[in-house]
Amino acid sequence: MVRAAYVLLGCLLLGYAASLILRPAGAYTTWLDGWGVDAFEVVVCALAFARAFGGRHERAVTLSLG
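Computed from a predicted structure; not experimentally measured.

Rules behind the numbers
- Residues numbered from 1 in each chain as written.
- Predicted model: local features only at pLDDT ≥ 70, side-chain atom pairs only at ≥ 80, totals over all residues.
- Heavy atoms only, no water.
- Salt bridge = Lys/Arg side-chain N within 4 Å of Asp/Glu carboxyl O.
- Helix = DSSP H or I, 4+ residues; strand = E, 2+ residues; numbered from the N terminus.
- Buried < 20%, exposed > 50% of the residue type's maximum accessible area, 1.4 Å probe, protein only.
- Axes fitted to C-alpha atoms, helices over the stretch in contact; angles between N-to-C directions.
- Parallel < 35°, antiparallel > 145°, perpendicular 65-115°, else oblique.
- Left-handed = near helix turned anticlockwise from the far one by under 90°.
- Contact = heavy atoms within 4.5 Å.
- Nonpolar A, V, L, I, M, F, W, Y, C, P; charged D, E, K, R; others polar.
- pLDDT = per-residue confidence, 0-100.
- Patch = residues over 30% accessible without salt bridge, like charges linked within 9 Å, V, L, I, M, F, W, Y side chains within 5 Å.
- Areas by Shrake-Rupley, 256 points an atom, 1.4 Å probe, with all protein chains shown as cover.

Enquirer: Any chance you could explain the pattern of salt bridges here in plain terms?
Expert: If the charged atoms of two oppositely charged side chains come close together, the side chains can form a pair. Counting across every chain of the model gives one salt bridge. For Arg23, the salt bridge is made with Asp33, and the minimal N-O distance between the two is 2.7 Å. Placement of the pair is Arg23 in the loop between helix 1 (2-22) and helix 2 (30-54) and Asp33 in helix 2, with a sequence separation of 10 residues. Here Asp33 falls in the buried class, since its relative accessible area comes to 14%.

Enquirer: How do you make sense of the packing of helix 1 against helix 2 when you look at a structure like this?
Expert: What describes two packed helices is the angle between their axes and the distance between those same axes. In contact at an axis separation of 11 Å, helix 1 and helix 2 are set at 150° when each is read in the N-to-C sense. Between helix 1 and helix 2, the angle falls in the class roughly antiparallel. Like other packed secondary-structure pairs, helix 1 and helix 2 cross with a definite hand, here left-handed. Note on element contacts: helix 2 touches helix 1 through Leu32, Asp33, Val37, Phe40, Val43, Val44 and Leu47, opposite Val2, Ala5, Tyr6, Leu9, Leu13, Tyr16, Ser19 and Leu20. Split into classes, the residues belonging to the contact of helix 1 with helix 2 amount to 13 nonpolar, one polar and one charged.

Enquirer: What should I look at first to understand the confidence of the model for the protein chain in this one?
Expert: Should pLDDT be low for a region, the predicted coordinates there are not to be read in detail. Here the protein chain shows a mean pLDDT of 84. Residues at 70 or above account for 98%. Least confident of the elements in the protein chain is helix 3 (residues 59-65), whose mean pLDDT is 75; most confident is helix 1, at 88.

Enquirer: When you look at a nonpolar patch on the surface in this model, what are you seeing that I'm missing?
Expert: On the surface, a nonpolar cluster with roughly 290 Å² of combined accessible area is contributed by Phe49, Phe53 and Leu63. The class of Leu63 is partly exposed, set by a relative accessible area of 37%.

This is the structure:
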């Protein structure tokens, strides 16, 4: 389940990077550039904290990233 979340987040990141390249300069959409980026960061942070508190392997690294 977590691996699927990482795959989905990776695909979303690649799609966002492509949209930044393909959009005209100065184009801004609130749902994508505002809320979408914020939601992405919250999910990645939650996954890092879950890894830090769920296992003992490299706890300090994942806790600092979270």
